[in-house]
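An overview of the molecular structure
This is what each chain is made of:
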Amino acid sequence: LTKQTLASGAVMPSYMYEQYPGIDHLRRGIHLLVTCKQATSAAEQLGRGRVLSELYGCGGHDTSFEDQKWMGDWEYALGVNYRCQHLTWYSMRGCRKYDYPPCISYQQPWWGDYRIVEDYFGRLSYMLTRGRRVAELLVLHPVSSAWVELSPLDHAKADARSAQFEELSIWLTQLHRDYHYGDDHIIQEFGEAGEGRFRVGEYSYPLVVLPPMSNIARGTLEKLLAFLDSGGRAVAAGELPQHVSGESDEALGCLRDHINLKTVPFNRQSLAAALEEALPRRVSVLGPGGEAPEIYAAEREADGKGIFFFANISLTKVCDVELSLPLAGRVEQWDPETGDVAELPALTEGGRSTLRHRFEPAGSLLLVVDPAKKSTAREALPRTREV
């Protein structure tokens, strides 16, 4: 929040004018989840279809295939679906060899085998541009709170606000509660509320989440109150706003006292319990201690089928989990590495499909559930092939 306030005021409004909203993912690692979700939220709400990411820059010449898959899977679970690798040089002579490597071209000893990575992501990109993503939560974006709190001489308050926003976003992702951010400018342009739904562009949300905020835009507050008045529900984690577009306003009392707003302490457990009470869970990735935080998930709807992508974002931990999906029907594993399709045994009851899977470190799983077809697999649940 601090950096975008200083650089551009806010990033998400710019995405309204981009055919393919995009980001840059520097260094070898997974970080700045908010950066991904800002771009993917706007792109999905506005029907842009693809989100571009330049990635692997500054990762070093020893960035492995596993590293590339790990970072790419993390982004794809968050909604990116179009990779632009950093970079290809005409020459590696002299200082160019050290200019933000890796170079992804013929100079690399693994270049002849690189289709292993590219075929995988080519197939995955295709599948994750079919239909549209399912996201039931709208998380209000608190960048205007940073505007109120940021001083050129002291970034501490805005930095703390930014850290809280990142933490809440990670909690929701780990809880497998998919969401979009609601940017004030995009809400003003494409938002409306009524009949218990908060609509932003092509999406309609039954539940709104408020991160800790000191300020809320007037237009956003008006639509939020209309949403609550029409039967919609909201959960506020931590601090409620004290200002409306930088000013005091009596309407904040209406928000604070509204029967359809539940305020909980700012911690993962309280947020999880409030969400469970407010909205039934769609996707569950259940490990020994509850929802497995290492497994990120994405759900899409396409031609009446469900597409589900899961990625283990840990490079060290093996995760044995039970997957519960909100569709009953034939469950197939679509292997992006080979292109193979195979039916998986799954328990189907109550309109849901349940199966078990072991995720190796940096492992992933792509499933398609077809409610129009009955399951024919009857064997005991096996270990499915790991990608």
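Summary of the structure given here. Since the model is a prediction, treat every value here as computed from it, not as a measurement. (Residues numbered from 1 in each chain as written. Predicted model: local features only at pLDDT ≥ 70, side-chain atom pairs only at ≥ 80, totals over all residues. Heavy atoms only, no water.)

**A few points about the nonpolar core**
Grouped burial of nonpolar side chains is what soluble globular proteins tend to show. Inclusion rule: Put simply, buried Ala, Val, Leu, Ile, Met, Phe, Trp, Tyr and Cys residues joined by side-chain atoms within 4.5 Å make one nonpolar core. Relative accessibility thresholds used throughout: buried, under 20% of the residue-type maximum; exposed, over 50%; partly exposed, between the two (1.4 Å probe, protein chains only). A run of DSSP states H or I qualifies as a helix once it reaches four residues; a run of E qualifies as a strand once it reaches two. Both are numbered from the N-terminal end.
Core analysis: the biggest nonpolar cluster contains 87 residues, and Leu140, Val208, Leu210, Leu224 and Phe309 have the highest contact counts within it. Here the element with the most residues in this core is helix 2 (residues 33-45); it accounts for six residues.

**What to know about the environment of Thr5**
To be explicit about the condition: Here, two residues are considered to be in contact whenever any of their heavy atoms come within 4.5 Å of each other. Polar contact is defined as a pair of N or O atoms within 3.5 Å, subject to the rule that within protein one atom must be able to donate a hydrogen and the other to accept it, and that residues adjacent in sequence are counted only when both atoms are side-chain atoms.
By the secondary structure assignment, Thr5 is in helix 1 (residues 2-7). Classification of Thr5 as buried rests on a relative accessible area of 16%. Through-space distance from the C-alpha of Thr5 to that of Leu150 is 8.4 Å; in sequence the pair is 145 residues apart. In this structure Thr5 touches Val143, Ala146, Trp147 and Leu150, once residues within four positions along its chain are discounted. For Thr5, the side chain forms a polar contact with the main-chain oxygen of Leu1, separated by 2.7 Å.

**Quick look at the sheet that holds strand 24 (residues 364-370)**
Worth spelling out the cut-off: The rule for pairing is simple: two strands pair if DSSP sees at least two bridges between them.
Across the sheet, six strands lie side by side as 4-17-18-24-20-21; this open sheet has antiparallel pairing. A single partner strand is all that each edge strand has here, and the edge strands are strand 4 (132-133) and strand 21 (341-343). Note that strand 20 (residues 330-334) and strand 24 share four bridges and pair antiparallel. Following the sheet pairing, Arg330 is matched in strand 24 by Asp370.

**Details of the environment of Pro101**
Position of Pro101 among the secondary structure elements: in the loop between strand 3 (82-85) and helix 4 (115-127). In this structure Pro101 comes out as buried when scored by relative accessible area, which is 14%. In the structure, Pro101 is positioned 40 residues away from His61 in sequence and 5.6 Å away in space, judged by C-alpha atoms. Apart from residues no more than four positions distant in its own chain, Pro101 is found in contact with Tyr56, Gly57, Cys58, Gly59, Gly60, His61 and Trp89.

**Remarks on the pattern of salt bridges**
The following threshold applies: Whenever a carboxyl oxygen of Asp or Glu lies within 4 Å of a side-chain nitrogen of Lys or Arg, that contact is scored as a salt bridge.
For the coordinates displayed, the defined rule picks out 23 salt bridges. A salt bridge links Arg177 to Glu276; its shortest N-O distance comes to 3.4 Å. Taken as a pair, Arg177 in the loop between helix 6 (156-174) and strand 6 (179-182) and Glu276 in helix 10 (residues 268-278) lie far apart in primary sequence, 99 residues in all. According to the relative accessible area criterion, Arg177 is buried, its value standing at 6%.

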